[in-house]
Amino acid sequence: MTFKRILLKASGEALMGSQGFGIDVAVVDRIAADIAAVHAKGVEISIVIGGGNIFRGVAVASRGGDRVTGDHMGMLGTVINALALRTSLVKLGVEAVVLSAIAMPELCESFSQRAARAHADAGRVVIFAGGTGNPFFTTDSAGALRAAEMGAEALFKGTQVDGIYSADPKLDPTATRYDRLTHSEVLDKRLAVMDIAAVALARENRIPVVVFSIHQPGELERILDGRGRATIVSD
Ligand code: UDP
């Protein structure tokens, strides 16, 4: 795989380490180092960051609250994570910028495709915050959407494990791992790696999805070098 332009979707949960909530700065620093290593090799990398370590809209809805407000709270969580990731990248000397789908100009720039492309063309790492900016969506869908908008050659989905399994390997010891799948197989087998809208959008735009463990230091770079472990989803 010789991708020169990728989009990384990192879940919010990846940032919380073993704490169970919030942000573990040491973990964010480590993920930032992996991003910096890839960026230093001349690969254009932009990131969509999740917010599940802080808030998920469904948590409000499941307790009788308003889903839309819950999703707004979830999207705000992604902005906190994006600012943490930018801080870690800047510490490493990497120029990085946060673009939010929800305008909050005191904190960061607002998203537009043109601004994102201009920053990336200038060699900056672009971090997309606020998901798609709409309730009832996920940051996985934002990942597929921004990958398409950026013209990314692949959507890298960092997960808790080293690829896509037939069932959750942490819960089911008989789960088997796939090396390769098509987008349609992921949808037909109802594999719970990303939500349906995200996989459908990636399929529609012929964007391969590379599923790998975000917890393995250096794995992103190894995959780009053709030595890493991942499940590749492509047509
Ligand atoms: N969210 C949303 N619209 C989006 C993206 C995210 O409403 O386009 C909200 C939603 O409530 C979601 C939360 O933000 O639960 C956090 O995002 P997500 O669950 O995708 O984060 P991750 O699982 O990647 O940490």
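Quick caveat: nothing in here was measured; it's all calculated off a predicted structure.

### Here we look at the nonpolar core
Right, so step 1: Within the largest apolar cluster, 69 residues are counted, with the highest numbers of intra-cluster contacts made by I47, I127 and L155.
Right, so step 2: When residues of this core are assigned to domains, at least three fall in each of domain 1 (1–149) and domain 2 (161–235).
Right, so step 3: Setting aside residues no more than four positions away along its own chain, I47 makes contact with L8, A10, I35, L85, I127 and F128.

### With respect to the pairing of strand 10 (residues 209–213)
Right, so step 1: Burial within strand 10 is extensive, with 4 of its 5 residues counted as buried.
Right, so step 2: Judged from the 3 bridges that link them, strand 10 and strand 11 (residues 231–233) form a sheet pairing that is antiparallel. From the neighbouring strand, V209 faces strand 11, where its bridge partner is V233.

### Observations regarding the site of the ligand
Right, so step 1: Taken together, 23 residues are adjacent to the ligand, and G50, G52, G57, G74 and G131 come closest.
Right, so step 2: Listing elements by their share of the shell around the ligand, those giving two or more residues are helix 3 (67–91) and helix 5 (139–150).
Right, so step 3: Top contributing element to the shell around the ligand by residue count: helix 3, with 6 residues.
Right, so step 4: Partitioning the shell around the ligand into residue classes produces 4 nonpolar, 15 polar and 4 charged.

### Describing the domain arrangement of the protein chain
Right, so step 1: Splitting the protein chain by domain gives domain 1 (1–149) and domain 2 (161–235).
Right, so step 2: With centres defined by C-alpha atoms, the gap from domain 1 to domain 2 works out at 19 Å.
Right, so step 3: Residue composition of the side of domain 1 that touches domain 2, grouped by class: 12 nonpolar, 3 polar and 3 charged.

### Regarding the pairing of strand 1 (residues 5–10)
Right, so step 1: Burial analysis of strand 1 places 5 of its 6 residues in the buried class, the great majority of the element.
Right, so step 2: As paired elements, strand 1 and strand 2 (residues 44–49) share 6 bridges and run parallel to each other. Its bridge partner being in strand 2, K9 is matched across the sheet by V48.
Right, so step 3: Taking the sense of rotation as the criterion, the β-α-β connection linking strand 1, helix 1 (residues 25–40) and strand 2 turns out right-handed.
Right, so step 4: In this sheet, strand 6 (residues 154–159) lies alongside strand 1 in parallel orientation, the contact comprising 5 bridges.

### So, the sheet that holds strand 10
Right, so step 1: Read across the sheet, 9 strands follow the order 4-3-5-2-1-6-10-11-9 without closing on themselves; strand pairing throughout is mixed. One side of each edge strand has no neighbouring strand; the edge strands of this open sheet are strand 4 (109–110) and strand 9 (180–181).
Right, so step 2: Bridge count for strand 3 (residues 96–100) against strand 5 (residues 125–129) is 5 bridges, and the pairing is parallel. By the bridge assignment, A96 is partnered in strand 5 with V125.

Conventions used here
Residues numbered from 1 in each chain as written. Predicted model: local features only at pLDDT ≥ 70, side-chain atom pairs only at ≥ 80, totals over all residues. Core = buried A, V, L, I, M, F, W, Y, C linked by C-beta atoms within 7 Å. Buried ≥ 20, exposed ≤ 12 C-beta atoms within 10 Å, placed from the backbone. Domains from an automatic or database assignment. Contact = placed C-beta atoms within 7 Å. Helix = DSSP H or I, 4+ residues; strand = E, 2+ residues; numbered from the N terminus. Pairing = 2+ DSSP bridges. Near = placed C-beta within 6 Å. Nonpolar A, V, L, I, M, F, W, Y, C, P; charged D, E, K, R; others polar. Right-handed = clockwise from strand over helix to strand, strands pointing away.

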